[in-house]
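An overview of the molecular structure
One-letter residues, chain by chain:
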Amino acid sequence: MSLIPRFAVVGHPNKGKSSIVATLALDDSVSVARSSGTTRHSQSFPMKVDGRILYELIDTPGFQRARKTLAWMQNEAEKVHDRPEVVRRFVDHWQGTDQFIDECELLKPIINGAGIIYVVDGSRPYGTEYEAEMEILRWSGQPSMALINPIGSDEYVEEWRAALNQYFRITRVFNAMTVEFQKRIEILNAFGQLQESWRQPLQQAVGCLAEMRKNQHQQAAAEIAKMVTKMCAFKLEKKISTEAEPMKYQSALASKFFNKLRKLEAKCRRQVQALYQHTHLHSQEDAIELLDSDLFKLKDWYLWGLSKIQLSAISAAAGATAGLAVDAAVGGASLMLGAISGGILGGAGSWFMADKIARKKISGVLPLGGKILTFGPVTNRNFPYVLLGRALYHQRLVAGRPHAQRDALSLKQQNQNDWLNELNQQQRKQLDKLCKCLSQAEKPDETRENLVLWLQKTISFSEINRP
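Residues numbered from 1 in each chain as written. Predicted model: local features only at pLDDT ≥ 70, side-chain atom pairs only at ≥ 80, totals over all residues. Heavy atoms only, no water.

**As for the overall build of the protein**
Selection criterion: Only DSSP runs of H or I covering at least 4 residues are called helices, and only runs of E covering at least 2 are called strands; the numbering of each starts at the N terminus. Residue exposure (1.4 Å probe, protein chains only): buried if accessible area is under 20% of the type maximum, exposed if over 50%, otherwise partly exposed. A contact between two residues is defined here by any heavy atoms of the two lying within 4.5 Å. Note that accessible areas follow from Shrake-Rupley with a 1.4 Å probe, and for residues the cover is restricted to the protein chains shown.
Within the protein one finds 17 helices and nine strands. When the 467 residues of the protein are sorted by exposure, 49% land in the buried category. Partitioning the contacts of the protein with sequence separation of at least 6, the portion at a separation of at least 24 is 73%. Element-wise, carbon and sulfur atoms account for 52% of the exposed surface of the protein, whose accessible area totals about 23,100 Å².

What follows is the structure in structure tokens.
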């Protein structure tokens, strides 16, 4: 059975220790607060993949009386090789008393074999008061590294780096609130350099996390494709009496129709958040600005999907294609008028119909009496682009969100259809074809399968090329 690496995250109070733990453990249940003293007892947070523990992070209280702790140890130590035993003796002596409570609590996992991750704030200047803490950790004899967590700014990062390099084998800058997934992998690889026995299990952990990330992207693509396909094909029917006036029921049926689609989108968001292990994020859903932009505010559709000009261009191309078929049928005798007129009519039709949403229909009299009032599906050509734009933006926010963050997801105040411009020519060509099939409900099963593949490639490409 391989050794499970354990790391005690230690440091001064309110320097982001809990944030480091949450981000590296991929655990948004870790208590994170701006005020100091949030952590009063050491608590272990295992990093698990498929039920298997890859490593453990131990959140600890901050040093409170480091200088007095070091003075006690210096008074007890006779030789350098005594120092690890003196640290152990300190804990044994003071544990259970009302003295050095926080120091005993943070040193316990270290004397029991945990590696040390010392956390400092790179936005605050270095001070000699930290030297007692670092000296105590050095006395423990345990492998250690330092992380500079720039809370707010990186003004003093280099000052800290110069000081930390005198006490720790490895020093890294690690912003727990903004760090990308690949940077977390790099930190794990650095941990493996601290002790030979950790190298293999941490290499395995890195492999497992990379595979987990790939699976998360694939499952997110599947969930988004399922949502988009279902929403594009969705319709509601209501049976009414033969004598009933359909207009009396249309408003209620339309309201139910739109609310159902909103719920489908919200459900997909929750599922994507759960895939990336943001299990507590759904409780903030009402505060997410992304949801404040209502799905059926058509003025916002042009922020997420195609502009009116782009819609016209697509419809013009489709009309031209139909016109070419007419030209071919008459052997070119139309002098391409079919293609030209088809393009003009298609583009104009798209422009003037761009703000129409869903099809409404009333069927004939049923055999047993009554009529069927149908609302849906959404026929607007822009609809699948809008759904995909919103879903991909949400997925990108969630996938890139460190687990230390506790604020609501924030929607930038700018056009979000930039995602379309980021696609290469082949991706865009495939997307336009898929969206046409979605709009026209063509080959739904095949379209969904192809959409999953397109989304998988697009999500992976987006993460690799993320600025």
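On we go.
**Side note on the confidence of the model for the protein**
Which entries qualify depends on this criterion: Scored from 0 to 100, pLDDT reflects the predictor's confidence in each residue.
When pLDDT is averaged across the protein, the result is 80; 76% of the residues are at 70 or more. Across residues 316–355, confidence stays below pLDDT 50; counting only partners more than four residues off in sequence or on other chains, it has 37 contacts.

**Observations regarding the packing of helix α9 (residues 247–275) against helix α14 (residues 383–399)**
We count it as follows: Orientation is described by lines fitted to C-alpha atoms, with helices fitted over the stretch in contact, and by angles between N-to-C directions that extend from 0 to 180 degrees. Should an angle fall under 35 degrees it is called roughly parallel, over 145 degrees roughly antiparallel, and 65 to 115 degrees roughly perpendicular, with every other angle called oblique. Crossing handedness follows the turn of the near helix against the far one: under a right angle anticlockwise gives a left-handed crossing, and clockwise gives a right-handed one. Lys, Arg, Asp and Glu make up the charged group, whereas Ala, Val, Leu, Ile, Met, Phe, Trp, Tyr, Cys and Pro make up the nonpolar group; the residues left over, Gly among them, are polar.
For the pair α9 and α14, interaxial distance at closest approach is 10 Å and the crossing angle is 30°. Viewed along their axes, α9 and α14 adopt a mutual orientation that is roughly parallel. For the pair α9 and α14, the crossing hand works out as right-handed. For the pair α9 and α14, the contacting residues are L261, E265, R269, V272 and Q273 in the first and F383, R390, H394, Q395 and V398 in the second. Looking at the contact of α9 with α14 residue by residue, the class counts come to four nonpolar, three polar and three charged.

**As for unusual backbone geometry**
The omega torsion of the bond from G376 to P377 falls at 0°, within 30 degrees of zero and hence cis. Looking at the element boundaries, P377 is found in strand β9 (residues 371–378). One non-glycine residue with positive phi stands out, namely F100, at about 55°. On the secondary structure map, F100 appears in the loop between α3 (83–94) and α4 (101–111). Under the relative-accessibility criterion, F100 is labelled buried at 6%. A positive phi angle is found at K443, which is not glycine, with a value near 45°. Inspection of the secondary structure puts K443 in the loop between α16 (425–439) and α17 (444–464).

**What to know about the pattern of salt bridges**
Where we set the bar: Any carboxyl oxygen of Asp or Glu that lies within 4 Å of a side-chain nitrogen of Lys or Arg is treated as forming a salt bridge with it.
Here the structure, examined in full by the defined rule, presents eleven salt bridges. Measuring nitrogen to oxygen at the nearest pair gives 3.2 Å for the salt bridge that ties D432 to R428. Of this pair, D432 and R428 both sit in helix α16, four residues apart, which is roughly one turn of the helix. Residue R428 is classed as buried on the basis of its relative accessible area of 19%. One network of salt bridges, with partners in common, ties together E265, R269 and R390.

**So, the nonpolar core**
Considering soluble globular proteins, one finds that nonpolar side chains tend to be buried as a cluster. The test is simple: We define a nonpolar core as any set of buried Ala, Val, Leu, Ile, Met, Phe, Trp, Tyr and Cys residues linked to one another through side-chain atoms lying within 4.5 Å.
In terms of nonpolar packing, the biggest core is built from 45 residues, with V228, L388, L431, L451, W454 and L455 touching the most fellow members. In terms of residues, this core owes the most to one element, α9, which gives nine residues.

**Section: α16**
What counts here: Expected helix span is given by 1.5 Å per residue-to-residue step, counting one fewer step than there are residues. Polar contact is the term for a pair of N or O atoms within 3.5 Å; when the atoms are in protein, one must be able to donate a hydrogen and the other to accept it, and sequence-neighboring residues count only if both atoms are side-chain atoms.
Between its first and last C-alpha, α16 extends 21 Å over 15 residues, near the 21 Å set by a 1.5 Å rise per residue. Among the residues of α16, Q427, R428, L431, L434, C435, C437, L438 and S439 are the ones counted as buried. Its side-chain oxygen at 3.1 Å from the backbone nitrogen of Q426, N424 defines the N-terminal cap of α16. Immediately beyond the C-terminal end of α16, within one or two residues, lies A441, with a positive phi of roughly 55°.

**Points about the side chain of T60**
Relative to the elements of secondary structure, T60 occurs in the loop between β3 (52–59) and α2 (66–76). We classify T60 as buried; its relative accessible area is 1%. A polar contact is formed between the side chain of T60 and the backbone oxygen of V9, at a distance of 2.6 Å.

**A short note on the packing of helix α8 (residues 196–233) against α9**
Direction vectors running N to C along α8 and α9 enclose 175°, while the axes themselves pass 10 Å from each other. In terms of their interaxial angle, α8 and α9 are classed as roughly antiparallel. Across from Q216, Q219, A220, E223, I224, M227, K230 and M231 in α8, the residues of α9 making contact are L261, L264, E265, C268, Q271, V272 and L275. Broken down by class, the residue content of the contact of α8 with α9 amounts to nine nonpolar, three polar and three charged.

**As for the environment of R406**
With respect to the helices and strands, the residue R406 is situated in the loop between α14 and α15 (418–421). In the structure, R406 is positioned 374 residues away from V32 in sequence and 7.8 Å away in space, judged by C-alpha atoms.

**A few points about the sheet that holds β3**
Selection rule: When DSSP finds two or more bridges between two strands, those strands count as paired.
In space, the six strands of this open sheet follow the order β2-β3-β1-β4-β5-β6, with mixed pairing throughout. Only two strands of the sheet have a single partner each, and these edge strands are β2 (43–49) and β6 (170–173). Ignoring which end each strand starts from, the neighbouring axes of this sheet average 25° apart. Note: strand β4 (residues 115–121) against strand β5 (residues 144–149), six bridges, orientation parallel. Residue pairing in the sheet places Y118 in a bridge with A146 of β5. Each of β1 (6–11), β3, β4, β5 and β6 is contacted by helix α7 (residues 181–191), which is oriented at about 170° to β6, the strand it contacts most.

**Thoughts on the packing of aromatic side chains**
Rule in force here: Here the aromatic set is Phe, Tyr and Trp, taking the six-membered ring for Trp, and pairing holds for ring centres within 6.5 Å; pairs whose planes are under 30 degrees apart are stacked, those over 60 apart are edge-to-face, and all others are tilted.
For the structure shown, the criterion picks out twelve aromatic pairs. Note on F7 and W198: the rings are 4.9 Å apart at their centroids and 65° apart in plane angle, and the pair reads as edge-to-face. Of this pair, F7 sits in strand β1 while W198 sits in helix α8; the two residues are 191 residues apart in sequence, bridging distant segments of the chain. For F7, a relative accessible area of 0% corresponds to the buried category. According to the relative accessible area criterion, W198 is buried, its value standing at 2%. With a centroid separation of 5.4 Å and 15° between ring planes, the pair formed by Y118 and F168 is classed as stacked. Residue Y118 is located in strand β4, and its partner F168 is located in the loop between α6 (157–164) and β6; the two are separated by 50 residues in the primary sequence. On the basis of relative accessible area, F168 is assigned to the buried category, the value being 5%. Taken together, the aromatic side chains of W72, F90, W94 and F100 make up a single cluster linked through ring pairs.

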